[in-house]
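The chain contents come next:
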Amino acid sequence: MNSIASFSYGLAGAAFIVLAVLLLTRWRGRHGPMLAIAIVLTALWAGTISWENGYGRPWSVWTDTLEILRNAAWSIFMVLMLGNYRDPDSRLPFRLRPALLAAAVFYLVMLVATVVGRWDLMLDNGAGFMPNVGARVCMAVFGMLLVEQVYRNKTAQERWGIKFVCLGICAMFAYDFYMYSHTMLFHEVSADIWAARGVINALTVPLIGISVARSKSWTSPLALSRNVMFHSAALFGSAIYLLAMGSAGYYLKFFGGSWGAVMQVTFLFGALLLLAGVLFSGTFRSWLKVFISKHFYTYNYDYREEWMRFTRILSEHGPGLGDRAIQAVAALVESPGGVLWQRGESGQFEPVAQWQASPPSATEAPDSAFCQFLESTRWVVDLHEFAADPDKYEGLVLPGWLKVKAGRDWLVVPFMMHGKLFGFLVLQKSRSPVTLNWEVFDLLEIAGSQAASYLSQQDAANALMVARQFESFNRMSTFVVHDLKNLVSQLSLMNANAVKHRDNPEFQADMMETVSYSVQKMRLMLQKLSRSDATETPRALTVDQVVRQAVALKAAFEPRPELRVETAGLAIVADSERLERVVGHLIQNAIEATPKEGSVIITVGQRNDAVRIEIADTGEGMTEEFIRERLYKPFESTKSAGMGIGVFESREYITELGGTLDVFSTPTLGTTFTVILPLQQRAAMPVEQAA
């Protein structure tokens, strides 16, 4: 195994020597001297281990010393890549940040203990073995955390240049973590894992070389995100905790006698349960976030992350926008719950949503002193501060329902919309102490306004949906009234002419046909109103037959419409009743616009691959302005009793069939409506014609 280890570490040493030569010659000046120092120390470390294994000594104080120096060099190199490692206001040596100074002291203590005290891995049977191994695990964890920080805090363009060097350095530290963790578990160094370590380090050389060749500079200003700091702190704290608990468990087993193994297992299992409970504790997570914001950043919030999270929560699809608004605002101050108050239909402010809180059974008048204070000042009210010093909130009078709950409630956040109080949010006391300053108040105020805009948009959408439902109902009612008006008009005209033509057999026949048709139409309308699921049944029908029926129903009017069929048997696909109603509307309008001595002529023919229905009259005509601005506009009519939807409905249905409705009119001379419908086939319909 010694010869295998000698070859393995010799390969690693040779690979790092080649990389060092390239860096000092061809790639001279790239990435500063620290990278060259780290590579040279790694080559010396691997070469020394290879040489000592050739003489039968797997490790010594010198190899351990070089390993510590190697780890320190790579860690310093990663810190330099991070940048911003000094604090101008720090009183520590070299103005280093506390965490970096602690790491430097740790490496220095390890180096002194190894060189002076000969504290190396050869002490595998002594009391210093486990602390030595634990310290090496700490070095590996610290190195991996640095790699994570470097990679996470680079831009997408910068990551292209550093991803391979990060992968290579992380691989070295990760393998050390694996090897020493295995050593802690089994209380001895595995010869196989130790021997393979050299080859693993050699494999990282191409990765580092690729990154060096790709980019001449990797450094950039440090911009640590709060999420990275939070997760890194949690990971680092967990690692330290597990190391401490593992060491304590080892000594329990070592000094516990026959109960040692039981005590060790019980202690370690309990420690893991405690760690899981702490990591999943909302209070602990809130405390850690607040602690990091206070001690590592100038501002309390990462505004980009907070606003993205805030907007993402409010923009989620589905119901419960009020609950989501409470959660989004509460997360800004680590509040565990709250109640949202909003103006209801009665005009009073009432609780409309709650999240992990019980709303009071009360309402608040918009003109109350409490609401007027919120609307005029737009202040976020700290209830605990108000209880201690009411003079800071001059003019504020808390309502009775809020006074009772003042011990649990904490903040009142106004939701402003267009300068008016849209609602307000009552938040419960935070899980961990939060210092309320101008930054927190400003953020809560703007968050309240943003949440109010989302809630207002939802209210407007709901109101629009209701309005559209009423509009649909009113539109249907309008069409029904329009049809009834036409029927009443026909029956009224027939009744007026009955006295004059009651002895005329032809008039009597027309009268019976009109009455029968009117009854049939009213029956069909009642069926459609009573059956909301009734659908049209388009089918092939003969156009001249439909038009002929529509003309026949207007025979009692003056001037009497005249039908001219140029081409019979033209068929289209449509609903017979609706098409007859459309043509009937156009004929009725032509008759009403034409004096009795005038004429109304309906022509059915063919134009290319389409059916042409032309309704021409010699009536009053229309101006171009009227046709352009008012003719097709619903609910616009020049008639005193008109509904203004006949032409609108006609064009809508003709367009639905894939056709067009054109109009040509000259004032005082007349109007011509031309209906063009796609031709289905030119074939006689024996059944319909027989009908």
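Residues numbered from 1 in each chain as written. Predicted model: local features only at pLDDT ≥ 70, side-chain atom pairs only at ≥ 80, totals over all residues. Heavy atoms only, no water.

Asks: Just to check I follow, could you spell out the sheet that holds strand S12 (residues 670–678) for this structure?
Replies: Sheet strands line up and pair through hydrogen bonds in the backbone, either parallel or antiparallel. Read from one edge to the other, the open sheet built from five strands follows the order S7-S9-S10-S12-S11, with strand pairing classed as mixed. The two strands at the open ends of the sheet, each matched to only one other strand, are strand S7 (562–565) and strand S11 (660–666). Strand-to-strand twist in this sheet, taken as the mean axis angle between neighbours without regard to direction, amounts to 15°. Where S7 meets strand S9 (residues 600–607), four bridges bridge the pair, whose relative direction is parallel. (Pairing = 2+ DSSP bridges. Helix = DSSP H or I, 4+ residues; strand = E, 2+ residues; numbered from the N terminus. Axes fitted to C-alpha atoms, helices over the stretch in contact; angles between N-to-C directions.)

Asks: So what exactly am I meant to see when it comes to unusual backbone geometry here?
Replies: The phi torsion of most residues other than glycine is negative, and most of the peptide bonds are trans. Each neighbour pair has its own omega, and for Glu558 with Pro559 the value is 0°, a cis peptide bond. Here Pro559 is to be found in the loop between helix H18 (543–552) and S7. The backbone of Glu334 shows a phi angle near 60°, a positive value even though the residue is not glycine. Mapped onto the elements, Glu334 comes out in the loop between helix H12 (321–330) and strand S1 (338–343).

Asks: Got a minute to help me understand the environment of Arg197 in this structure?
Replies: As for its position among the elements, Arg197 is in helix H7 (residues 191–214). Here the alpha-carbon distance between Arg197 and Ala46, two residues 151 residues apart in the chain, equals 9.7 Å. Once you skip the residues sitting within four places of it in the chain, Arg197 turns out to touch Ser8, Tyr9, Trp45, Glu67, Arg70, Tyr175, Asp176, Met179 and Tyr180. (Contact = heavy atoms within 4.5 Å.)

Asks: Would you mind showing me how to read H12 here?
Replies: Three or four residues apart is the spacing at which side chains of an α-helix point the same way, because the helix has 3.6 residues per turn. Counting buried positions along H12 gives eight out of ten residues, so the element sits mostly inside the fold. Every buried residue belonging to H12 is among Leu321, Gly322, Arg324, Ala325, Ile326, Ala328, Val329 and Ala330, and all of these are buried. (Buried < 20%, exposed > 50% of the residue type's maximum accessible area, 1.4 Å probe, protein only.)

Asks: Before we go on, may I ask you to explain the sheet that holds strand S3 (residues 381–382) in this structure?
Replies: The strand order across the open sheet built from five strands is S2-S1-S5-S4-S3, with neighbouring strands paired in antiparallel fashion. Of all strands in the sheet, those with a lone pairing partner are strand S2 (349–355) and S3, marking the two edges. Summarising the sheet, S1 and S2 pair through six bridges and their orientation is antiparallel. Bridged to Arg343 within S2 is Phe349. Seen against the sheet, H12 touches S1, S2, strand S4 (409–417) and strand S5 (420–428) and runs at an angle of roughly 70° to S2. Along the sheet, helix H13 (residues 369–377) contacts S2, S3, S4 and S5; its crossing angle with S5, the most-contacted strand, is approximately 105°.

Asks: How do you make sense of the packing of aromatic side chains when you look at a structure like this?
Replies: To describe a pair of aromatic rings, one takes the distance between the centres and the angle between the planes. Under the criterion given, the structure shown has 14 aromatic pairs. Consider the rings of Tyr9 and Trp45, whose centres lie 5.7 Å apart with planes at 85°: the pair is edge-to-face. Placement of the pair is Tyr9 in helix H1 (residues 2–24) and Trp45 in helix H2 (residues 32–54), with a sequence separation of 36 residues. Of the aromatic side chains, those joined through ring pairs into one cluster are Trp341, Phe349, Phe370, Trp401 and Phe424. Taking the ring centre of Trp45 as reference, the NZ or CZ of Arg70 above it sits at 4.3 Å. (Phe/Tyr/Trp six-rings, centres within 6.5 Å; stacked < 30°, edge-to-face > 60°. Lys NZ or Arg CZ within 6 Å of the ring centre and 35° of its normal.)

Asks: Help me understand the packing of H1 against H7 in this model?
Replies: When two helices pack together, their arrangement is captured by the angle between the axes and the distance separating the axes. With their axes 7 Å apart at the nearest point, H1 and H7 run at an angle of 15° to one another. With respect to each other, H1 and H7 are oriented roughly parallel. Note on packing geometry: the crossing formed by H1 with H7 is left-handed. Grouping the constituent residues of the contact of H1 with H7 by class yields 17 nonpolar, five polar and one charged. (Parallel < 35°, antiparallel > 145°, perpendicular 65-115°, else oblique. Left-handed = near helix turned anticlockwise from the far one by under 90°. Nonpolar A, V, L, I, M, F, W, Y, C, P; charged D, E, K, R; others polar.)

Asks: Would you take a moment to explain the pattern of salt bridges for this structure?
Replies: Where charged atoms from two side chains of opposite charge come close, those side chains can pair. The full count for this structure, using the stated rule, is ten salt bridges. The shortest N-O distance in the salt bridge between Arg136 and Asp64 comes to 3.5 Å. Here Arg136, found in helix H5 (residues 129–152), pairs with Asp64, found in helix H3 (residues 61–82); they are 72 residues apart in sequence, far enough to count as distant. Judged on exposure class, the residue Arg136 and its partner Asp64 are both buried. For Glu562, the salt bridge is made with Arg564, and the minimal N-O distance between the two is 3.4 Å. Judged by its relative accessible area of 42%, Arg564 falls in the partly exposed class. When salt bridges with common partners are traced through the structure, they connect Asp64, Glu67, Arg70, Arg136, Asp176 and Arg197 into a single cluster. (Salt bridge = Lys/Arg side-chain N within 4 Å of Asp/Glu carboxyl O.)

Asks: What is the right way to look at the pairing of S4 in this model?
Replies: The side chains of a regular strand alternate between both faces of the sheet. Most of S4 is tucked away, with eight of its nine residues classed as buried. Across eight bridges, the pairing between S4 and S5 is antiparallel. Paired with Met416 across the strands is Leu421, a residue of S5. Turn length for the S4-S5 hairpin, with the two strands adjacent in sequence and antiparallel, is two residues, and the turn residue His418 shows positive phi of about 55°.

Asks: Mind showing me how you'd approach the nonpolar core here?
Replies: If you look at the biggest cluster of nonpolar residues, it comprises 59 residues, and the most contacted ones within it are Phe16, Ile39, Trp74, Phe77, Met78 and Ile169. Secondary-structure elements contributing two or more residues to this core are H1, H2, H3, helix H4 (98–115), H5, helix H6 (156–186) and H7. Counting residues per element, this core draws most heavily on H5, which supplies eleven residues. Counting 36 residues, the second largest nonpolar core, distinct from the first, contains Leu541, Val582, Val611 and Ile615. (Core = buried A, V, L, I, M, F, W, Y, C linked by side-chain atoms within 4.5 Å.)

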